[in-house]
Amino acid sequence: MEHLKIRPIQKEDNPFVAEMIRAVLIENNAPKTGTAYEDENLDTLYETYQNEKSVYFVLTDGVKIYGSAGIGSLEGSDEICELQKMYFLQEVRGKGLGGRMIQSCLNFAMEVGYKKCYLETLPSMEAAQKLYKKSGFEYLDTRLGNTGHFSCTTWMLKEF
């Protein structure tokens, strides 16, 4: 897996990232409503993350996209970012790549001045939650902001 690299998304990655995210959600029997599956920007992630306080990374071998995740501002906050749309194909899970991706995202978040990082996930995504906890995220009792992901009822926060 050493041949896989994390790099910022490029415009030509858009359809492959969207396809990968939808496939992972379907594989996990996630609802299509209230999740990233139906996000308006899912097919235009490159364009969505083109500002100084956001970034979207892909995990790739130069040919195929195996995973992705991004950082964006939590609506209504200058100090809290959100770890967004973190998904990996089954074939690369459990190999430490998720931890590398989270660290890339958190490093960016700290560099641009965020004080906290929030995320939402599905209760059924237990392996992801273990990874988030290992990365320093703690469970919250309520959601922050208004992401539109009403099906994601597990909320976590990491303070820097």
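Structure: see above.
Remember, it's a predicted structure, so these values are computed and weren't measured experimentally.

K.L.:
Looking at this structure, I do not really get the overall build of the chain. What am I missing?
P.N.:
For the chain, the count of helices and strands is four helices and seven strands. For the chain, the α and β elements follow one another from N to C terminus as β-α-α-β-β-β-α-β-α-β-β. Radius of gyration (C-alpha) of the chain: 14 Å, near the 15 Å computed for a compact globule of 160 residues. Expressed along its principal axes, the backbone C-alpha trace of the chain runs to roughly 40 × 35 × 30 Å. Counting only residues that meet the buried cut, the chain has 47% of its 160 residues in that class. Across the chain, contacts joining residues at least 24 apart in sequence account for 66% of those joining residues at least 6 apart. Of the roughly 8,300 Å² of accessible surface on the chain, a fraction of 49% belongs to carbon and sulfur atoms. For the chain, the distance from the average site of its 18 positive side-chain charges to the average site of its 23 negative ones is 6 Å.

K.L.:
Just to check I follow, could you spell out the environment of Val58 for this structure?
P.N.:
You can see Val58 is positioned in strand E2 (residues 55–60). Given a relative accessible area of 0%, Val58 falls into the buried group. Val58 has contacts with Lys5, Ile6, Arg7, Pro8, Ile9, Asp13, Val17, Ile65, Gly67, Ser68 and Met101, leaving out every residue within four places of it along the chain.

K.L.:
How should I be thinking about the pattern of salt bridges in this particular structure?
P.N.:
Pairing of side chains with opposite charge becomes possible as their charged atoms draw close. Tallied over the full model, the rule gives seven salt bridges. With a closest N to O distance of 2.7 Å, Asp13 and Arg7 form a salt bridge. Among the salt bridges present, the one from Lys11 reaches Glu47, with a minimum N-O distance of 2.7 Å. With Lys11 in the loop between strand E1 (5–8) and helix H1 (14–27) and Glu47 in helix H2 (residues 45–48), the pair connects residues that are 36 residues apart, well separated along the chain.

K.L.:
In this structure, what is going on with the state of the cysteines? I would like to understand it.
P.N.:
Working definition: the covalent bond between the sulfur atoms of two cysteines is a disulfide. Counted according to the given criterion, the structure contains zero disulfides. Free cysteine Cys117: the closest other cysteine sulfur is in Cys81, separated by 3.6 Å. Free cysteine: Cys152, not disulfide-bonded; nearest cysteine sulfur from Cys117 at 15 Å.

K.L.:
What should I look at first to understand the packing of aromatic side chains in this one?
P.N.:
Any two aromatic rings considered together are summarised by their centre-to-centre distance and by the angle between their planes. By the definition in use, this model includes two aromatic pairs. Seen in terms of ring centroids, Tyr49 and Tyr56 are 4.9 Å apart; in terms of plane orientation they differ by 45 degrees. Their pairing is tilted. Given a relative accessible area of 6%, Tyr49 falls into the buried group. Residue Tyr56 is classed as buried on the basis of its relative accessible area, which comes to 1%. Relative to Phe137, the ring of Tyr132 has its centre 6.0 Å away and its plane inclined at 65 degrees; by these criteria the two rings are edge-to-face. Judged by its relative accessible area of 6%, Tyr132 falls in the buried class.

Thresholds applied
- Residues numbered from 1 in each chain as written.
- Predicted model: local features only at pLDDT ≥ 70, side-chain atom pairs only at ≥ 80, totals over all residues.
- Heavy atoms only, no water.
- Helix = DSSP H or I, 4+ residues; strand = E, 2+ residues; numbered from the N terminus.
- Rg over C-alpha atoms; globule rule 2.2 N^0.38 Å.
- Buried < 20%, exposed > 50% of the residue type's maximum accessible area, 1.4 Å probe, protein only.
- Contact = heavy atoms within 4.5 Å.
- Areas by Shrake-Rupley, 256 points an atom, 1.4 Å probe, with all protein chains shown as cover.
- Lys, Arg positive; Asp, Glu negative; His and termini not counted.
- Charge placed at Lys NZ, Arg CZ, Asp CG, Glu CD.
- Salt bridge = Lys/Arg side-chain N within 4 Å of Asp/Glu carboxyl O.
- Disulfide = S-S within 2.5 Å.
- Phe/Tyr/Trp six-rings, centres within 6.5 Å; stacked < 30°, edge-to-face > 60°.

Purely geometric numbers; function is a separate question.
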